[in-house]
Amino acid sequence: MARVLVIGGGIAGLWAAVKATDAGHSVELVTKAELAEGNTRYAQGGIAAALFPDDSAERHFADTIEAGAGLADPAAVRVLVDEGPDRVRDLIRFGVAFDRGESGLERGLEAAHSRARILHAGGDATGAAIEHALVATVRRRAVAIDEQAMLVDLLVEAGRVVGALVLAASGAVVERRADAVVLATGGSGCLFRHTTNPAVATGDGVAAAWRAGARVADLEFTQFHPTALAAPGTPLISEAVRGEGAVLRDAGGRRFMLDVDHRGELAPRDVVARGVWRRSLEQGGAPVLLDATSLGGAELARRFPGLDAVVRAAGFDWAREPVPVTPAAHYAMGGVATDLDGRASLPGLFAVGEVARTGVHGANRLASNSLLEAAVFADRAVRAITASAAHNSGSESRRAVRDASAHGMSGEASGVVHATPVDRGELQQLMWRHVGLERDEEGLAAASARLDAWTPPEPHDRRSAEDRNLLDLARLTVAAARARQTSCGAHFRTDDPSIAVSQLPTALDREAA
Ligand code: SIN
């Protein structure tokens, strides 16, 4: 039996906690907000898996590889598509009630999938349904749950991760020791001015892993979702809406995506996001329009009840009129580099879910593969922890007897003076402007110089701990984007010498957008 510290309360963390408890480990789950808060809860489209007779793991494999723009790791994708169906069956056993029609499970179509294979729940509330079922499952297990507790740093001794420093709800920074630490802290959308992510998505796990010396990879690949509602908070409008027939129109009412790609609105997400971005630039910064009127009011309310409420609350009647949309940062393809069992490069450390870079997504994630990736690789990580605990049982139980103790790192105690605090709003604007959907060396160099002028704050409270993570991650992201001088997937360089001038936007007025 090992002592397992899971950090994160989305699908990846909950999955790891449940399966690790079932495998006989002693599990503590630390989560930054309440248990269900995080990107999982807001996932709308659903979870992709080859479960239907007209589909196959081979087709899912091919679609994932193609969307990944040549950089997805075939071995990781193979694991994902082969083990995915069993993990979806596990979810059903955990109590997720995927939507059903007369002929069984309903399935949706999303961009770059050659088959309709997306299972959904509550219409557009798949993530919430998964969180609900997994939270109930974890609460039935003997998992020690520590809510409102944020990862500050990993503890490393003799090259091995032996726990974490956690900013507890009380404001004290405390040690949590473990034989295995499973990072499941999610994404980093808050690096950017516009994001579909909730406020907790500040890249805490990637930044902490990097500071501890773990390898991180592919940070230049941020996925921008093409259709966030152009309204305060940029709420996501699921790709599933386009899968059901909605189209994108420019300010003149013209359907423009077919000029960009023969797959139109269902081209891979990076292609559609760039198409939306450019058309918006070309029309002076005015948002493009998502036209879902062909679906009709009754179907929009039935199939997308949550979205229907969000869109109407923002003042739009999408059954009658097209609604303004804009790209927004949505998902981090890069993260803590892992092997096929979620192992990071430092012994004792695992990373699962969005915080990880398993290689499954390459340069552009296929829609609705993220929930699947989290379940598949969290499951494998627990199996690897179990195998290793059986192998090392003597030494691990000796380490496990050290209990958590107060750690002298609170801001009050350290008396740290914050001479050059990071301006989070400026950082987010900088990242949006220079490290957004289109990049070039001039902009990246400007971003790098500004980021270098800030000193990372001492992590004395949640805000400063998050700001330190955002600054670390912004610097790493800019460095990665500068290093990759050619365009690939979601990383698009307008100064890539292989791009024809005719492919560049006609109006590069980034300020306007
Ligand atoms: C969406 O519903 O459009 C998002 C799904 C995803 O990010 O995979």
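Predicted, not measured: the structure shown is a model, and the values here were computed from it. (Residues numbered from 1 in each chain as written. Predicted model: local features only at pLDDT ≥ 70, side-chain atom pairs only at ≥ 80, totals over all residues. Heavy atoms only, no water.)

*Asks:* How should I be thinking about the sheet that holds strand β2 (residues 26–30) in this particular structure?
*Replies:* Strands pair in a sheet through their backbones, by hydrogen bonds, and they do so in one of two ways: parallel or antiparallel. Taken together, the five strands give an open sheet; going across it, the order is β7-β2-β1-β11-β18, and neighbouring strands pair in parallel fashion. The sheet terminates laterally at β7 (144–146) and β18 (349–351), the two strands that pair on one side only. Taking the axes of each pair of neighbouring strands and ignoring which way they run, one obtains an average angle of 20° across the sheet. Relative to β2, strand β1 (residues 3–7) runs parallel, the two sharing five bridges. (Pairing = 2+ DSSP bridges. Helix = DSSP H or I, 4+ residues; strand = E, 2+ residues; numbered from the N terminus. Axes fitted to C-alpha atoms, helices over the stretch in contact; angles between N-to-C directions.)

*Asks:* It is not clear to me how the pairing of strand β15 (residues 288–291) should be interpreted in this structure. Could you clarify?
*Replies:* Side-chain positions along a regular strand alternate between the two faces of the sheet. The pairing of strand β14 (residues 247–249) with β15 spans three bridges and is antiparallel. The partner of leucine 248 across the bridge, within β15, is leucine 290. In terms of strand pairing, β15 meets strand β16 (residues 323–332) through three bridges, oriented antiparallel. Within β16, the residue paired with leucine 289 across the bridge is proline 324.

*Asks:* Would you mind showing me how to read the site of the ligand here?
*Replies:* In the neighbourhood of the ligand, the contacting residues comprise Gln44, Gly45, His225, Ser238, Glu239, Arg269, His330, Arg365, Ala367 and Ser368. Take histidine 225: an N or O atom from its side chain is 2.8 Å from an oxygen atom of the ligand. Within the side chain of histidine 330, a nitrogen or oxygen atom sits 2.7 Å from an oxygen atom of the ligand. If the ligand stood free it would expose 260 Å²; the protein chains cover 94% of that surface. Looking at the shell around the ligand, its residues break down into one nonpolar, six polar and three charged. (Near = heavy atom within 4 Å. Polar contact = N/O pair within 3.5 Å; in protein donor to acceptor, adjacent residues only side chain to side chain. Areas by Shrake-Rupley, 256 points an atom, 1.4 Å probe, with all protein chains shown as cover. Nonpolar A, V, L, I, M, F, W, Y, C, P; charged D, E, K, R; others polar.)

*Asks:* Help me out: how do you make sense of helix α6 (residues 204–212) in this one?
*Replies:* An α-helix turns once per 3.6 residues; consequently, residues spaced three or four apart project the same way. Counted residue by residue, α6 has seven buried out of nine residues, so it is predominantly covered. Among the structural elements, β8 (150–157), β11 (180–183), β12 (216–217), β17 (335–337), β18 and α17 (462–483) are those in contact with the buried residues of α6. A positive phi of about 105° marks glycine 213, the residue just after α6. (Buried < 20%, exposed > 50% of the residue type's maximum accessible area, 1.4 Å probe, protein only. Contact = heavy atoms within 4.5 Å.)

*Asks:* Before we go on, may I ask you to explain the sheet that holds strand β19 (residues 356–357) in this structure?
*Replies:* Spatially, the three strands line up as an open sheet ordered β12-β17-β19, and their pairing is mixed. Since the sheet does not close on itself, it has two edges, and those belong to β12 and β19, each with one partner. The pairing of β17 with β19 spans two bridges and is classified as parallel. Across the sheet, residue valine 336 finds its bridge partner in β19, namely alanine 356. Against the sheet, α6 contacts β12 and β17, and its axis sits at roughly 45° relative to β17.

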